[in-house]
Amino acid sequence: MITEKPYDVIYWYVRPPGDTSAYGIEKDMVYGDGTERNSVFTHPFPLADGDTDTTGAYYEITAYVYSSDGSVYWKSYSVWVNDAPGHD
């Protein structure tokens, strides 16, 4: 993600299917140096239902950005997760 402004810290959250909380689960916190605008978040998604084929599930990834100028904003992304190809 490339932020709108340089950031001091970004909190990354993942909300799995069925999670009704406001944010999901905090997975990472990334500190910037006050000039940084790029942040990369990776997350190992499980198979959609663990052991059997399924049509998949949506996860929501949210980045809460605390900018160097004191402003706060967030960006959310929906990710469709399918079973791995060839999974039996």
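Right, let's walk through the structure included here. Being a predicted model, the structure only gives us computed values, none of them experimental.

What counts, and at which threshold
Residues numbered from 1 in each chain as written. Predicted model: local features only at pLDDT ≥ 70, side-chain atom pairs only at ≥ 80, totals over all residues. Heavy atoms only, no water. Helix = DSSP H or I, 4+ residues; strand = E, 2+ residues; numbered from the N terminus. Buried < 20%, exposed > 50% of the residue type's maximum accessible area, 1.4 Å probe, protein only. Contact = heavy atoms within 4.5 Å. Areas by Shrake-Rupley, 256 points an atom, 1.4 Å probe, with all protein chains shown as cover. Core = buried A, V, L, I, M, F, W, Y, C linked by side-chain atoms within 4.5 Å. Salt bridge = Lys/Arg side-chain N within 4 Å of Asp/Glu carboxyl O. Pairing = 2+ DSSP bridges. Axes fitted to C-alpha atoms, helices over the stretch in contact; angles between N-to-C directions. Phe/Tyr/Trp six-rings, centres within 6.5 Å; stacked < 30°, edge-to-face > 60°.

### Considering the overall build of the protein
Part 1 of the reasoning: Along the protein, the regular secondary structure elements total zero helices and four strands.
Part 2 of the reasoning: From first element to last, N terminus to C terminus, the protein shows the α and β order β-β-β-β.
Part 3 of the reasoning: When each of the 88 residues of the protein is scored for burial, the buried share is 26%.
Part 4 of the reasoning: Here the analysis covers contacts within the protein between residues at least 6 apart in sequence; of these, 58% occur between residues at least 24 apart.
Part 5 of the reasoning: Of the roughly 5,500 Å² of accessible surface on the protein, a fraction of 52% belongs to carbon and sulfur atoms.

### Quick look at the environment of Ser-78
Part 1 of the reasoning: Secondary-structure assignment places Ser-78 in strand 4 (residues 72-81).
Part 2 of the reasoning: The spatial distance from the C-alpha of Ser-78 to the C-alpha of Thr-62 is 8.8 Å, given a sequence separation of 16 residues.
Part 3 of the reasoning: When near neighbours in sequence (up to four residues on either side) are disregarded, Ser-78 contacts Tyr-58 and Tyr-59.

### Here we look at the nonpolar core
Grouped burial of nonpolar side chains is what soluble globular proteins tend to show.
Part 1 of the reasoning: Ranked by size, the top nonpolar core spans 13 residues in total, and within it Ile-10 and Trp-12 carry the most contacts.
Part 2 of the reasoning: Mapped onto this core, the elements with two or more residues apiece are strand 1 (7-15), strand 3 (57-67) and strand 4.
Part 3 of the reasoning: Not counting the four nearest positions on each side in its chain, Ile-10 is found in contact with Met-1, Thr-3, Asp-28, Met-29, Val-30, Ser-39, Ala-63, Tyr-64 and Val-65.

### Some thoughts on the pattern of salt bridges
Part 1 of the reasoning: As enumerated under the stated definition, the model contains three salt bridges in all.
Part 2 of the reasoning: Across the salt bridge formed by Glu-4 and Lys-75, the nearest N and O atoms sit 3.6 Å from each other. A residue pair is termed long-range when its members are at least 10 positions apart, and Glu-4 in the segment before strand 1 and Lys-75 in strand 4 qualify at 71 residues.
Part 3 of the reasoning: A residue is classified by how much of its surface remains accessible, and Lys-75, at 31% relative accessible area, is partly exposed.

### As for the sheet that holds strand 4
Part 1 of the reasoning: Pairing in this open sheet of four strands is antiparallel, and the strands run 2-1-3-4 from one edge to the other. Looking along the sheet, the strands with just one partner apiece sit at the ends: strand 2 (25-31) and strand 4. Sheet twist, expressed as the average angle between the axes of neighbouring strands with direction ignored, equals 20°.
Part 2 of the reasoning: As paired strands, strand 3 and strand 4 are joined by 10 bridges and run antiparallel to one another. Paired with Thr-62 across the strands is Ser-76, a residue of strand 4.

### With respect to the packing of aromatic side chains
Pairs of aromatic rings are described using the distance from one ring centre to the other and the angle between the two planes.
Part 1 of the reasoning: In the structure shown here, the tally under the stated rule is seven aromatic pairs.
Part 2 of the reasoning: On the numbers, 5.9 Å between centres and 35° between planes, the contact of Tyr-64 with Trp-74 is tilted. With Tyr-64 in strand 3 and Trp-74 in strand 4, this pair connects stretches of sequence that are 10 residues apart.
Part 3 of the reasoning: A relative accessible area of 14% places Tyr-64 in the buried class.

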